[in-house]
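Structure assessment
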Amino acid sequence: MRGVRLLLVLAALGGGLWGLRQAEVFYPVAQPYDRALYDHWIDADGDCRDTRQEVLIRDSLSPVRLNDRGCRVIAGRWIDPYSGAVFTDPSRLDIDHLVPLAEAHRSGADTWTEGRRRAYANDLSSPLTLVATGASANRSKADGDPLSWLPWPPDRWCAYTAAFVAVKARWGLSQDRLEAWWTDAVLWTCDRVRPVGR
């Protein structure tokens, strides 16, 4: 519990730095961020289901129901990894880039080719890059990193932070010093408060 309280205090301090950390003085980029640089959602395999539909199918805990053409998911069962809320209506879900596109851009994707940006924006090769999550949780997260936003309740911080670090490492994206310090602190605390046997 003491570790969680410490993280809450540090999170409040770190969040206050977020506006400054988004400035180009901290993140000099080869070109300004524009969401249009990251082409999504695409139908990479030509089966009429774009990346959003593929993630909904993959992440549903029960067989999904598709529309008459078999191209769009209209029902299933999803658990939001950020809040733990259960959804059965896909219209209430967003497909979240766990490392947001703008954050990826600030962290090295600004120099990527068009093809690599498209691959990242539609990555189905790992269940960590794209996740089906409640729209409200996704929008409160916005384009931040774990220093500016963590899911609630705190028992979800460990998995989220570990996944964030893993996605950045997998795609060769950098962490600035504050972000690296913070994610290391969260994961260090997680290792010490995790129940024995887990």
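Above this note sits the structure.
Residues numbered from 1 in each chain as written. Predicted model: local features only at pLDDT ≥ 70, side-chain atom pairs only at ≥ 80, totals over all residues. Heavy atoms only, no water.

**Comments concerning the state of the cysteines**
Each disulfide consists of a covalent bond between the sulfur atoms of two cysteine residues. Under the counting rule described, the total for this entry stands at 2 disulfides. The disulfide bridge from cysteine 48 ends at cysteine 71, spanning 2.0 Å between sulfur atoms. Measuring handedness by torsion sign, the sulfur bridge of cysteine 48 and cysteine 71 sits at about -110° and is left-handed. Highlighted residues: cysteine 48 in the loop between α2 (18-21) and α3 (51-59) and cysteine 71 in the loop between β1 (65-66) and β2 (73-75), separated in sequence by 23 residues. Classification of cysteine 71 by relative accessible area gives buried; the value is 10%. A disulfide bridge connects cysteine 158 with cysteine 190, and the sulfur atoms are separated by 2.0 Å. Of note, the bridge from cysteine 158 to cysteine 190 carries an S-S torsion of about -95° and is left-handed in sense. You can see cysteine 158 sitting in helix α7 (residues 157-170) and its partner cysteine 190 sitting in helix α8 (residues 177-193), a full 32 residues away along the chain. Take cysteine 158: its relative accessible area is 22%, and that puts it in the partly exposed class. Assessed through its relative accessible area of 3%, cysteine 190 is described here as buried. If one numbers only the bonded cysteines of the protein chain, in the order they occur, the disulfide pattern is 1-2, 3-4. (Disulfide = S-S within 2.5 Å. Helix = DSSP H or I, 4+ residues; strand = E, 2+ residues; numbered from the N terminus. Buried < 20%, exposed > 50% of the residue type's maximum accessible area, 1.4 Å probe, protein only.)

**Some thoughts on the side chain of serine 126**
You can see serine 126 is positioned in the loop between α5 (114-121) and β6 (130-134). Polar side-chain contacts of serine 126 include one of 3.1 Å to the backbone nitrogen of leucine 128. Leave out the neighbours within four places in its chain, and serine 126 touches Arg58 and Arg170. (Polar contact = N/O pair within 3.5 Å; in protein donor to acceptor, adjacent residues only side chain to side chain. Contact = heavy atoms within 4.5 Å.)

**Topic: the nonpolar core**
Counting 25 residues, the largest nonpolar core has Tyr82, Leu98, Val99, Tyr120, Tyr160 and Leu173 as the members making the most contacts within it. Those elements that place two or more of their residues in this core are α4 (101-106), α5, α7 and α8. Counting residues per element, this core draws most heavily on α7, at 5 residues. Apart from residues lying up to four places away in sequence, leucine 173 is in contact with Val99, Ala104, Ser107, Gly108, Ala109, Trp112, Tyr120 and Lys168. (Core = buried A, V, L, I, M, F, W, Y, C linked by side-chain atoms within 4.5 Å.)

**Focus: a nonpolar patch on the surface**
On the surface, a cluster of nonpolar side chains totalling about 260 Å² of accessible area is made up of Leu61, Ile79 and Val86. One can find isoleucine 79 in strand β3 (residues 78-79). (Patch = residues over 30% accessible without salt bridge, like charges linked within 9 Å, V, L, I, M, F, W, Y side chains within 5 Å. Areas by Shrake-Rupley, 256 points an atom, 1.4 Å probe, with all protein chains shown as cover. Salt bridge = Lys/Arg side-chain N within 4 Å of Asp/Glu carboxyl O.)

**A look at the packing of aromatic side chains**
Evaluated as defined, the whole model comprises 10 aromatic pairs. With centroids separated by 6.1 Å and ring planes inclined at 35°, the aromatic side chains of tyrosine 33 and tyrosine 38 adopt a geometry described as tilted. Taking relative accessible area as the criterion, tyrosine 38 reaches 1% and is therefore assigned buried. Ring geometry for tryptophan 112 versus tryptophan 171: centroids 5.6 Å apart, planes at 40°, classification tilted. A residue pair is termed long-range when its members are at least 10 positions apart, and tryptophan 112 in the loop between α4 and α5 and tryptophan 171 in the loop between α7 and α8 qualify at 59 residues. Pairwise contacts between aromatic rings join Tyr82, Trp149, Tyr160 and Phe164 into one cluster. (Phe/Tyr/Trp six-rings, centres within 6.5 Å; stacked < 30°, edge-to-face > 60°.)

**Let's talk about the pattern of salt bridges**
The final tally for this structure, using the stated rule, is 10 salt bridges. With a closest N to O distance of 3.2 Å, arginine 118 and aspartate 39 form a salt bridge. Of the two residues, arginine 118 is situated in helix α5 and aspartate 39 in the loop between α2 and α3; the sequence distance between them amounts to 79 residues. According to the relative accessible area criterion, arginine 118 is partly exposed, its value standing at 26%.

**What about the environment of arginine 106?**
By secondary structure assignment, the location of arginine 106 is in helix α4. When its relative accessible area of 13% is taken as the criterion, arginine 106 is described as buried. Residues arginine 106 and proline 28, spaced 78 residues apart in sequence, show a C-alpha to C-alpha distance of 7.6 Å.

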